[in-house]
Amino acid sequence: MNTLTRRQSALVTLARLGLVSTLMSCQPERSETQAPDNGTPAESVVTVQGRMPLPWPDLSEDAPVLGGGEEDVALIVAIQDYDYAPSIPGAIDNAESWHRFFTHTLKVPATRVALLEDEHATRETIRQSLGDIASMARPGRRAWFVFIGHGAPAQNGTDGLLVGADARRTPESLESRSMRHSEVLEQLEGTAAQPIVVLDACFSGRLGAQDDILEGVQPLRLVALRKPETAVVMTAAGADEYAGALPGGARPAFSYLVLGALRGWGDANDDGKVTVSEAVKYAQGAISPLVHGRRQTPEFVAAQPDQVLVTNAKEDGPDLGEMVRLAARGSRLNLNGDGLTLGELPSFALDEIARSDVLEGSEIGAIDMEKEREAEKVWARLKEATDAIEVAKLSGDPTGRKQAKAWCDLAELPDPNPHRERAHHACKEAQSFVEQRRHLVEAMRRDKAIVEQFLELKHRGEDDKLEVLKSFLREYGQLSREPEVIWVRQRKERLFSTGMTKVEGYHKGRWDQPSFYMDPTEVTVSAYAECVTAGHCSVPRSHDDDERCNYGWQGGDRHPINCVSFEAASRYCEWAGKALPTEQQWVWAAQGGVQERTYPWGGAPPDCTHAVIGVGGKPGCGEGRTWAVGSKSDGDSKDGIHDLAGNVREWTQGEDQVVTHGGSWEFFRLGELRNRASVAIGAEDARADVGFRCVSKERSEEL
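What counts and what doesn't
- Residues numbered from 1 in each chain as written.
- Predicted model: local features only at pLDDT ≥ 70, side-chain atom pairs only at ≥ 80, totals over all residues.
- Heavy atoms only, no water.
- Helix = DSSP H or I, 4+ residues; strand = E, 2+ residues; numbered from the N terminus.
- Buried < 20%, exposed > 50% of the residue type's maximum accessible area, 1.4 Å probe, protein only.
- Contact = heavy atoms within 4.5 Å.
- Areas by Shrake-Rupley, 256 points an atom, 1.4 Å probe, with all protein chains shown as cover.
- Salt bridge = Lys/Arg side-chain N within 4 Å of Asp/Glu carboxyl O.
- Pairing = 2+ DSSP bridges.
- Axes fitted to C-alpha atoms, helices over the stretch in contact; angles between N-to-C directions.
- Phe/Tyr/Trp six-rings, centres within 6.5 Å; stacked < 30°, edge-to-face > 60°.
- Patch = residues over 30% accessible without salt bridge, like charges linked within 9 Å, V, L, I, M, F, W, Y side chains within 5 Å.
- Expected span 1.5 Å × (residues − 1).
- Disulfide = S-S within 2.5 Å.
- Core = buried A, V, L, I, M, F, W, Y, C linked by side-chain atoms within 4.5 Å.
- Parallel < 35°, antiparallel > 145°, perpendicular 65-115°, else oblique.
- Nonpolar A, V, L, I, M, F, W, Y, C, P; charged D, E, K, R; others polar.
- Polar contact = N/O pair within 3.5 Å; in protein donor to acceptor, adjacent residues only side chain to side chain.

Chemist: When you look at the overall build of the protein chain in this model, what are you seeing that I'm missing?
Modeler: Within the protein chain, the secondary structure is distributed over 17 helices and 22 strands. Among the 703 residues that make up the protein chain, the fraction classed as buried is 53%. The contacts in the protein chain between residues at least 6 apart in sequence include a share of 75% that link residues at least 24 apart. Entry remark: accessible area of the protein chain is about 30900 Å², with carbon and sulfur atoms responsible for 48%.

Printed below as a string of structure tokens:
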């Protein structure tokens, strides 16, 4: 197994410090350690020793191809943002990792894998999609169903509910807007395929130690679930337990760990095969030494526990022993392993604070104004304190100190203070965040000093130095306001002798154009995905939303990112230490400066030897979409810049509005392909025919 390097144990990104919501599917509230029930074996009580964000492997990176799923079918359902129930951070990340595992690793054809996320995952769509994959299931092959979301018991106590995205927290709505566990089994077991069901949800209906998914009613309790006849069913927790976040990581634990097991982490006997029992036992073994304050025992039901799920899976998993040691080290700082969400800490409704039983009757004369004035003072004091919390949350303070002070001030208010215990807990959480971030900043500053020394080395070339700067920004990029990170980003911007193309300026007569550097290709899907992973860019419209969009499309990594707005493109360039080109810069590069070419390649009329365009009613030179960047070298500019005409239009900043240049794969309009031609579209539009590239100022002579 891999061991964690010194750097891995020292570097903890702010995303894993919890700048995401912490209430996971059936996740417990943060509470003090509770003693196990009498008679409970020690190994069945899952505990988190400590609250340290842990460096779990990134499952968004493709595992080696295993194959074996060419005739399988799969449905993945993930609900991260419920309409009425608490959100489940990381659910979408897990789901998309499962999707890549099916399509890339097991080689299940993309047409046989369905993915439903958030508002698309209602009872009707889940049922319809189940029917679709059931109709495609083939005898002797496998039909996979993965659900990541909330669960609840049915009112009859003998069935479980997979809660739909639009379900309200009432018994009637849960029953009508959720998918029954028994329905899933009936549809899948009605085929001749082998159903494999992974449920990262629990049917206890519990959201925490003191909360249930049903609001204001006596909680339901599950008596028994229908046992499957042929299906393999793996669940995140027992019927009376609640499942939660990955210890030290902001994503659902069970679906993450089972997927890791199938990539090879769970191969306990090193025979290259991962069985049902091995996968679930791996999840049990990872959770049990790391979780604290809740009981979570992953379970499975299968006629053949040794049924093989994957073969030749050899990926090494994380060193769980080192994870435990890191968590224990974090417990000495009282850090929160499930991650602290400073932007999502509990807040109080004004009517809750103001509520006061001071009236003794319905007559005006019966109102005790002395009591009312005292209640008014209490109300004003609490309102001032909670307003301060809201102001702190909106302040954008990256250190967390303002929130820590606001919560601690509320906790210290004198009686009557009905929120003291809650505020005291939040105060400690915020203080822990502040402390952990301080350690991260200290580590960043030590590494920045190393980077400075490395840049001074004479025997190291610019490629090596650029890679060191990129590595630093990958690890500390979310500390974007710290001066050391700003300094490194600026240094990276100067080191563009490789990776960017210099466009020479000209200062004579009517010309006054400074030199600059331009990306030689349009920004690719894989490059944009790095920004998404770093937490700076939002996920764009994907291939699942519109088949013309490249994000999430199997095999589209080298294609230009499209379906992004002007703001999203700007954020990427900012993250990369660059900027979107002005219209003047773009035209200067495309026309070859003073050469003033009609098209980037010269004056010859456009065709598919020069650019990816629509010809004869066939978009994308007959491919029906974009091509990989740089595919049409005959259409390069004077400086060797690719695809300035065709493939995707490109965002630029005009004098008084945003405009696009270059034409696209979708249509053939001769005039739009000319270098000086522009098309104005709404800055908020995220169209399939629009992408972008970035520019940088001329490199400083000091380097």
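Chemist: Explain the pattern of salt bridges to me, please; I cannot follow it from the model alone.
Modeler: Opposite charge on two side chains makes pairing possible when the charged atoms of those side chains draw close. The tally for this structure, following the rule as stated, stands at 31 salt bridges. The salt bridge partner of Arg437 is Glu482, with a shortest N-O separation of 3.3 Å. Of this pair, Arg437 sits in helix 12 (residues 420-455) while Glu482 sits in the loop between helix 13 (462-476) and helix 14 (483-494); the two residues are 45 residues apart in sequence, bridging distant segments of the chain. Like Arg437, the residue Glu482 is buried in the burial classification.

Chemist: In this structure, what is going on with the pairing of strand 5 (residues 160-163)? I would like to understand it.
Modeler: Here strand 5 shows a buried face lined by Gly160 and Leu162 and a second buried face lined by Leu161 and Val163. Turn length for the strand 4 (residues 151-153)-strand 5 hairpin, with the two strands adjacent in sequence and antiparallel, is six residues, and the turn residue Gly157 shows positive phi of about 75 degrees. Note: strand 5 against strand 6 (residues 178-180), three bridges, orientation antiparallel. Paired with Val163 across the two strands is Ser178, which belongs to strand 6.

Chemist: How should the sheet that holds strand 12 (residues 299-301) be read in this particular structure?
Modeler: Backbone hydrogen bonds hold the strands of a sheet together, and the pairing may be parallel or antiparallel. The strand order 2-1-3-7-10-12 describes an open sheet built from six strands, whose pairing is mixed. Among the strands making up the open sheet, the edge pair consists of strand 2 (113-117) and strand 12. Neighbour-to-neighbour, the strand axes of the sheet open up by a mean angle of 10 degrees, direction not taken into account. One ladder, built from three bridges, connects strand 10 (residues 232-235) with strand 12; its direction is antiparallel. Its bridge partner being in strand 12, Thr235 is matched across the sheet by Glu299. Relative to the sheet, helix 6 (residues 253-265) contacts strand 3 (142-148), strand 7 (194-200) and strand 10, its axis offset from that of strand 7 by approximately 135 degrees.

Chemist: What's the story with the packing of aromatic side chains in this structure? I'm lost.
Modeler: A ring pair, where both rings are aromatic, is described by two values, the distance of the centres and the angle of the planes. The tally for this structure, following the rule as stated, stands at 13 aromatic pairs. Ring plane angle 45 degrees and centroid distance 5.6 Å describe the contact between Trp98 and Phe102, whose orientation is recorded as tilted. On the criterion of helical spacing, the pair formed by Trp98 and Phe102 is a turn pair, its members being four residues apart in helix 2 (residues 91-105). Phe102 carries the same exposure label as Trp98, and that label is buried. Where Phe472 meets Tyr476, the ring centres are 5.0 Å apart and the plane angle is 55 degrees; that geometry is what we call tilted. Taken together, the residues span about one helical turn, with Phe472 and Tyr476 both in helix 13 at a distance of four residues. In this structure Phe472 comes out as buried when scored by relative accessible area, which is 3%. Of the aromatic side chains, those joined through ring pairs into one cluster are Trp56, Tyr256, Trp265 and Tyr282.

Chemist: Got a minute to help me understand a nonpolar patch on the surface in this structure?
Modeler: A cluster of nonpolar residues, Ile364, Ile367 and Met369, forms a patch on the protein surface that exposes about 290 Å² of accessible area. Following the sequence through the fold, Ile364 ends up in the loop between helix 9 (350-354) and helix 10 (369-394). You can call Ile364 exposed: its relative accessible area is 69%.

Chemist: Just checking my understanding: could you explain helix 2 for this structure?
Modeler: Each turn of an α-helix holds 3.6 residues, which means side chains three or four residues apart point in the same direction. Helix length check: helix 2, at 15 residues, gives a terminal C-alpha distance of 20 Å against a target of 21 Å (1.5 Å per residue), a fit within 8%. Judged by how many residues are buried, helix 2 sits mostly within the fold: 13 of 15 residues are covered. Directly beyond the C-terminal end of helix 2, a positive phi value near 65 degrees is found at Lys107.

Chemist: Mind showing me how you'd approach the state of the cysteines here?
Modeler: Each disulfide consists of a covalent bond between the sulfur atoms of two cysteine residues. Considering all chains together, one arrives at five disulfides under this definition. Here Cys531 engages in a disulfide with Cys537; their sulfurs sit 2.0 Å apart. Taking the sign of the torsion about the S-S bond as the criterion, the disulfide between Cys531 and Cys537, at about 75 degrees, is right-handed. Through a disulfide, Cys549 is tied to Cys563; the S-S separation comes to 2.1 Å. Given an S-S torsion of about -90 degrees, the disulfide between Cys549 and Cys563 has left-handed geometry. Pair noted here: Cys549 is in the loop between helix 15 (525-533) and helix 16 (566-575) and Cys563 is in the loop between helix 15 and helix 16, with a separation of 14 residues, a long-range link. On the basis of relative accessible area, Cys563 is assigned to the buried category, the value being 2%.

Chemist: Is there a simple way to explain the nonpolar core in this structure?
Modeler: Within soluble globular proteins, side chains that are nonpolar generally end up buried alongside one another. With 81 residues, the main nonpolar core has Trp98, Phe102, Phe145, Leu257 and Leu262 as its most contacted residues. If you tally residues by element for this core, the top one is helix 6, at nine residues. Setting aside residues up to four positions removed in sequence, Leu257 forms contacts with Trp56, Leu246, Tyr282, Ala283, Ala286 and Ile287. Val525, Ala527, Trp575 and Ala576 belong to the second largest nonpolar core, which has 24 residues in total.

Chemist: For this particular structure, what's the right way to read helix 11 (residues 401-411)?
Modeler: Listed as buried for helix 11 are Gln403, Ala404, Ala406, Trp407, Cys408, Leu410 and Ala411. On the buried face of helix 11, the contacting elements are helix 10 and helix 12.

Chemist: Quick question: what am I supposed to make of the packing of helix 12 against helix 13 here?
Modeler: For any two helices packed against each other, one specifies the crossing angle of their axes together with the interaxial distance. Where helix 12 meets helix 13, the closest approach of the two axes is 11 Å, and the angle between their N-to-C directions is 175 degrees. Regarding the angle of helix 12 to helix 13, the classification is roughly antiparallel. When helix 12 is examined against helix 13, the residues Leu440, Ala443, Met444, Asp447, Lys448, Val451, Phe454 and Leu455 are found in contact with a partner set consisting of Asp464, Lys465, Val468, Leu469, Phe472 and Tyr476. When the residues that make up the contact of helix 12 with helix 13 are grouped by side-chain class, the tally is 10 nonpolar, no polar and four charged.

Chemist: Explain the side chain of His610 here, please?
Modeler: Position of His610 relative to the elements: it lies in the loop between helix 17 (583-590) and strand 18 (649-653). In this structure the side chain of His610 is engaged in a polar contact, spanning 3.5 Å, whose partner is the side chain of Thr609. When neighbours within four sequence positions are excluded, His610 is seen to be in contact with Trp601, Ala604, Pro605, Lys632, Asp634 and Gly635.

Chemist: Explanation requested: the side chain of Gln585 in the structure shown.
Modeler: Its location among the elements puts Gln585 in helix 17. With a relative accessible area of 17%, Gln585 lands in the buried category. Polar contacts involving the side chain of Gln585 include one to the main-chain amide nitrogen of Thr582, which spans 3.0 Å. Ignoring sequence-local partners within four residues, the contact set of Gln585 consists of Gln513, Phe516, Met518, Leu580 and Val695.

Chemist: Quick question: what am I supposed to make of unusual backbone geometry here?
Modeler: What you tend to see is this: most non-glycine residues have negative phi, and most peptide bonds are trans. Cis peptide bonds are those with omega within 30 degrees of zero, and the linkage from Asp415 to Pro416 qualifies with 0 degrees. You can see Pro416 is positioned in the loop between helix 11 and helix 12. Although it is not a glycine, Asn312 adopts a positive phi angle of roughly 65 degrees. Along the chain, Asn312 turns up in the loop between strand 13 (308-311) and helix 8 (320-331). One non-glycine residue, Cys563, adopts positive backbone phi at about 60 degrees.

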